[in-house]
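Spelled out, the chains give:
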Amino acid sequence: MQDLTEGVARFQRDVFPAKAELFAHLATHHAPHTLFIGCSDARVVPELITGTEPGDLFVIRTAGNLVPAYGPEADGVAASIEYAVAALGVRDIVVCGHSACGAMTALAQGHDLSGAPAVAAWLRHADASRARTAPGGDVPALVRQNVLAQLANLATHPSVARALAERKLALHGWVYDIPTGRVEDLTAATLAA
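A few points on the structure. Keep in mind that this is a model prediction, so the values were computed, not measured.

1. Some words on the pattern of salt bridges
Part 1: Under the defined criterion, the tally for this structure stands at 5 salt bridges.
Part 2: In this structure, Arg 13 engages Asp 14 in a salt bridge whose closest nitrogen and oxygen atoms are separated by 3.2 Å.
Part 3: With a shortest N-O distance of 2.6 Å, Asp 41 and Arg 43 are connected by a salt bridge.
Part 4: Note on Asp 41: relative accessible area 15%, which makes it buried.

2. Some details on the pairing of strand 3 (residues 92–98)
Part 1: The buried fraction of strand 3 amounts to 6 of the 7 residues, a majority that puts the element mostly inside the structure.
Part 2: Bridge analysis of strand 3 against strand 4 (residues 170–176) gives 7 bridges, and the strand direction is parallel. Note that in strand 4 the partner of Cys 96 across the bridge is Trp 174.

3. Brief notes about the sheet that holds strand 2 (residues 57–62)
Part 1: As summarised here, the arrangement of the 5 strands in space is 2-1-3-4-5, forming an open sheet in which the pairing is mixed. With one partner strand each, in any of the chains shown, strand 2 and strand 5 (183–185) form the two edges of the open sheet. Averaged over neighbouring strand pairs, the angle between their axes works out to 25° when direction is ignored.
Part 2: With 3 bridges connecting them, strand 4 and strand 5 associate as antiparallel partners. For Val 175, the partnering residue across the bridge sits in strand 5 and is Glu 184.

4. Remarks on the pairing of strand 1 (residues 34–39)
Part 1: In terms of burial, strand 1 is largely enclosed, as 6 of its 6 residues are buried.
Part 2: Pairing geometry for strand 1 and strand 2, over 6 bridges, is parallel. Residue pairing for strand 2: Phe 36 is matched across the bridge by Val 59.

5. As for the packing of aromatic side chains
Part 1: Overall, the coordinates contain 5 aromatic pairs when judged by the stated rule.
Part 2: Judged by centre distance (6.0 Å) and plane angle (65°), the ring pair of Phe 11 and Phe 16 falls under edge-to-face.
Part 3: The class of Phe 16 is partly exposed, set by a relative accessible area of 37%.
Part 4: Ring plane angle 85° and centroid distance 5.8 Å describe the contact between Phe 11 and Phe 23, whose orientation is recorded as edge-to-face. One end of the pair, Phe 11, is in helix 1 (residues 2–18); the other, Phe 23, is in helix 2 (residues 20–26), with 12 residues separating them in the sequence.
Part 5: Aromatic rings pair up to connect Phe 11, Phe 16 and Phe 23 into one cluster.

Criteria and cut-off values
Residues numbered from 1 in each chain as written. Predicted model: local features only at pLDDT ≥ 70, side-chain atom pairs only at ≥ 80, totals over all residues. Heavy atoms only, no water. Salt bridge = Lys/Arg side-chain N within 4 Å of Asp/Glu carboxyl O. Buried < 20%, exposed > 50% of the residue type's maximum accessible area, 1.4 Å probe, protein only. Helix = DSSP H or I, 4+ residues; strand = E, 2+ residues; numbered from the N terminus. Pairing = 2+ DSSP bridges. Axes fitted to C-alpha atoms, helices over the stretch in contact; angles between N-to-C directions. Phe/Tyr/Trp six-rings, centres within 6.5 Å; stacked < 30°, edge-to-face > 60°.

As structure tokens, this is what we get:
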């Protein structure tokens, strides 16, 4: 906790004054251009990876960067997606998977999750990803297929489907490689076609 307290002090002393104008503007304006859906993994920091400023990204982080398909029950992920698209008018949504993902590793390698029933239940949102991936523990392949499956799940959300139909929104699938810093755009070839 000491590190966090010292970090807040550095932010207030060094960062905030240097960006005081930006924060004054953000106090009354909230207009992010992109919804970034990434993994909860502490090694994946959307603003750092994309070089964006506060206010640029609306961020959702979930274990395995999973996006449940739209359903009748309200949940925090669906509410956040709907708010970003319908209220904030984001123009792009990025689903970003990453190398060495613990959630995808657990699924690919068949880890026993009986001691973590909530995690096991959550990871069922990756069933389509697993079905698209050859068995055998290939984590990188599962990470990629999972990003594509989550993009498909996104399209089931009415606000997303409507914005896509009106050509007001674009979906992007990325995979971030932690040791190299590279970002692979899985949707670049699809978009170019």
